[in-house]
Amino acid sequence: MIALKLRFLLVPFFTSVMGEAQYITQDAALMNYIDRRFLSLERRLEKCNQDILDYVEEFRDFTKMIMSRLAGLSSYETELKSEVENLLTRVERAQRDIDYFGSLTDSNTCVEIDEDLVKQQLFEEAEENRKLKLMLNASCDYMLAGIKSLKIVKKTGEIHGSWMKDPGKKHAKIYLLSGSVNNVILEFANILTFMESNHTQKARRVTLPLPWKGTGHIIYQGFLFYHRYGSLNEIIKYNIQKRNVTDQMLLSGAGRIPAYQLSPATKIDLAIDEQGLWAIHAEPDTGGNIVITKINHMTMAVENTWDTSCSSKDAEAAFIVCNILYVVYNIPSGGTSRIQCIYDVVGAVNTYEFPVLHFPKRQGSHSTIHYNPKEKQLFAWGDGYQIIYKLQAIQKV
């Protein structure tokens with residue numbers, strides 16, 4: 001009887017205990033499920049954060065690339081604009097040449113010429129020449145009387161070359177162009193830097209897209225003017241600071257023979273004086289005599305041309321001072337250089353009474369002699385030496 005009662009008491013107890021255990025098991029499973037879900041959410045959030053970081057980094061790289069390409073497009077736009085302007089200039093020059101050749105063709109046709117019209121044209125040409133002479137003579141009333149002294153600054157580079165300052169700028173930079181065919185300019189801060197033994201390490205190198213020929217180049221107002229290698233008579237205008245070709249021209253009649261017999265590599269010698277840019281060359285049509293041409297350095301257009309009586313035979317160099325051409329002669333083996341022929345484009349000087357001027361205290365030859373109108377000195381290159389000559393001037397009579 002007691003056992004039966006005990007059984008009735010234990011059955012509800014165990015039933016209650018088992019029910020609670022079942023609930024506990026279900027709660028544990030639920031907690032485990034919730035924990036797994038949270039872990040999954042955390043992993044997804046972490047992956048989402050990482051993806052966002054990756055997207056941000058990719059966007060930054062994309063932004064940098066876009067900005068770089070935009071900068072490149074801006075540079076290309078500037079270059080394209082410059083090329084278009086250059087092309088327009090060349091088209092205009094070509095049109096002028098076409099008009100000129102057209103006028104020559106028309107002049108060969110058989111037409112009746114009005115004598116009064118011819119006289120009028122001759123009068124207008126004479127008037128233009130008179131005005132040009134007045135303009136050239138306005139700021140130049142002196143001439144060379146002698147070469148006082150020389151200073152050998154350095155010996156560097158090849159036997160042939162050219163060195164100079166820019167008379168159109170206020171800076172004291174020195175430019176060295178070594179060799180008769182090259183495309184590298186060395187730019188020095190001043191003459192003291194140039195004179196140092198390790199000068200090439202302190203020079204800024206400017207590489208030209210087109211090489212030069214000869215030693216007749218000149219630098220004026222930030223531009224290098226030179227005869228392009230491989231061409232008959234093409235003159236290049238190169239912006240040294242921006243490092244690009246800004247213009248070019250063909251110098252009619254030049255390039256067939258050397259400007260000077262003793263400097264055969266130089267077919268066109270460019271010069272600067274108080275009036276600007278000149279070209280010196282020789283032509284077979286003039287019997288080998290030297291021809292000088294005044295060039296507008298801004299437009300690269302020919303302003304006037306003069307046939308001189310100075311022979312290119314035995315000449316080694318020449319320069320122009322105040323509208324007067326001075327031709328330097330020597331012997332083939334190299335002796336004492338001397339000026340024994342001059343030509344005044346305005347005719348103010350009696351060239352036949354001009355005495356022979358000798359270069360002082362030096363035996364050898366020059367591949368280049370350039371006049372610097374700002375410093376009133378000659379910058380010469382002789383047998384690899386860089387030389388400065390000081391000048392003595394007198395008033396024109």
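Residues numbered from 1 in each chain as written. Predicted model: local features only at pLDDT ≥ 70, side-chain atom pairs only at ≥ 80, totals over all residues. Heavy atoms only, no water.

A few words on the overall build of the protein. Within the protein, the secondary structure is distributed over three helices and 20 strands. Of all 397 residues assigned to the protein, the portion counted as buried reaches 39%. For the protein, contacts bridging at least 24 residues in sequence account for 53% of all contacts bridging at least 6. Accessible area for the protein stands at about 23,500 Å²; split by element, carbon and sulfur atoms hold 57% of it. (Helix = DSSP H or I, 4+ residues; strand = E, 2+ residues; numbered from the N terminus. Buried < 20%, exposed > 50% of the residue type's maximum accessible area, 1.4 Å probe, protein only. Contact = heavy atoms within 4.5 Å. Areas by Shrake-Rupley, 256 points an atom, 1.4 Å probe, with all protein chains shown as cover.)

Counting residues in hydrophobic clusters, the biggest one holds 28 residues, and the most contacted among them are Ile185, Leu224, Phe225, Ile235 and Leu270. The set of elements that each furnish at least two residues to this core consists of strand 3 (174–178), strand 5 (204–213), strand 6 (218–220), strand 7 (223–227), strand 8 (234–239), strand 10 (269–273) and strand 11 (276–282). Element by element, the count of residues in this core is highest for strand 7, at four residues. Ignoring any residue separated from it by four or fewer positions in sequence, one finds Ile185 in contact with Tyr175, Leu176, Leu177, Arg204, Arg205, Val206, Leu208, Trp212 and Leu224. (Core = buried A, V, L, I, M, F, W, Y, C linked by side-chain atoms within 4.5 Å.)

It is worth spelling out empty space enclosed by the protein at this point. The gaps left among the atoms become clear once a water-sized probe is rolled over them. Tallying each qualifying case throughout the model produces three cavities of 30 Å³ or more. When its volume is computed, the largest cavity comes out at roughly 50 Å³. Taken together, Met164, Lys165, Pro167, Ile218, His370, Tyr371, Asn372 and Phe379 make up the lining of the largest cavity. (1 Å grid on protein atoms, 1.4 Å probe; cavity = no way out; pocket = protein on both sides within 12 Å on 5 of 7 lines; lining within 4 Å. Points joined across faces, edges and corners; volume = space filled by probe spheres on them.)

Another point: the packing of aromatic side chains. A complete count under the given rule lists seven aromatic pairs for this structure. For the ring pair Trp163 and Phe194, a centre distance of 5.7 Å and an interplane angle of 20 degrees mean the geometry is stacked. Here Phe194 lies in helix 3 (residues 191–195) and Trp163 lies in strand 2 (residues 161–164), a separation of 31 residues in the sequence. Classification of Trp163 by relative accessible area gives buried; the value is 1%. Taken together through their ring pairs, the aromatic side chains of Trp163, Phe188, Phe194 and Phe379 make up a single cluster. When the ring centre of Phe223 is taken as reference, the NZ or CZ atom of Lys237 above it lies at 4.5 Å. (Phe/Tyr/Trp six-rings, centres within 6.5 Å; stacked < 30°, edge-to-face > 60°. Lys NZ or Arg CZ within 6 Å of the ring centre and 35° of its normal.)

Below, the discussion takes up a negative patch on the surface. Together, Asp54, Glu57, Glu58 and Asp61 give the surface a local cluster of negative charge. In this structure, Asp54 sits in helix 1 (residues 2–107). (Patch = residues over 30% accessible without salt bridge, like charges linked within 9 Å, V, L, I, M, F, W, Y side chains within 5 Å. Salt bridge = Lys/Arg side-chain N within 4 Å of Asp/Glu carboxyl O. Lys, Arg positive; Asp, Glu negative; His and termini not counted. Charge placed at Lys NZ, Arg CZ, Asp CG, Glu CD.)

This part covers the sheet that holds strand 12 (residues 289–296). Pairing is antiparallel across the open sheet formed by four strands, whose spatial order is 10-11-12-13. In this open sheet, the two strands that pair with only one neighbour each are strand 10 and strand 13 (301–311). Mean inter-strand twist for the sheet, computed between neighbouring axes without regard to direction, equals 25 degrees. (Pairing = 2+ DSSP bridges. Axes fitted to C-alpha atoms, helices over the stretch in contact; angles between N-to-C directions.)

Take the pattern of salt bridges next. All told, the structure shown has eight salt bridges when counted by the stated rule. Of the charged contacts, one joins Glu375 and Lys165 as a salt bridge, the two residues approaching to 2.8 Å between their closest N and O atoms. Linking Glu375 in the loop between strand 18 (368–372) and strand 19 (377–382) with Lys165 in the loop between strand 2 and strand 3, this pair joins segments that are 210 residues apart in sequence. Take Glu375: its relative accessible area is 30%, and that puts it in the partly exposed class. Glu234 is the partner of Arg228 in a salt bridge, and the nearest nitrogen-oxygen pair spans 2.8 Å. Judged by relative accessible area, Arg228 falls into the partly exposed class, the value being 22%. The network of salt bridges with shared partners includes Lys173, Glu187 and Arg204.

If a residue is not glycine, its phi is most likely negative; likewise, a peptide bond is most likely trans. Phi at Cys322 takes a positive value of approximately 55 degrees, unusual for a residue other than glycine. Mapped onto the elements, Cys322 comes out in the loop between strand 14 (315–321) and strand 15 (324–329). Phi is positive for Lys376, close to 55 degrees, though the residue is something other than glycine. Mapped onto the elements, Lys376 comes out in the loop between strand 18 and strand 19.

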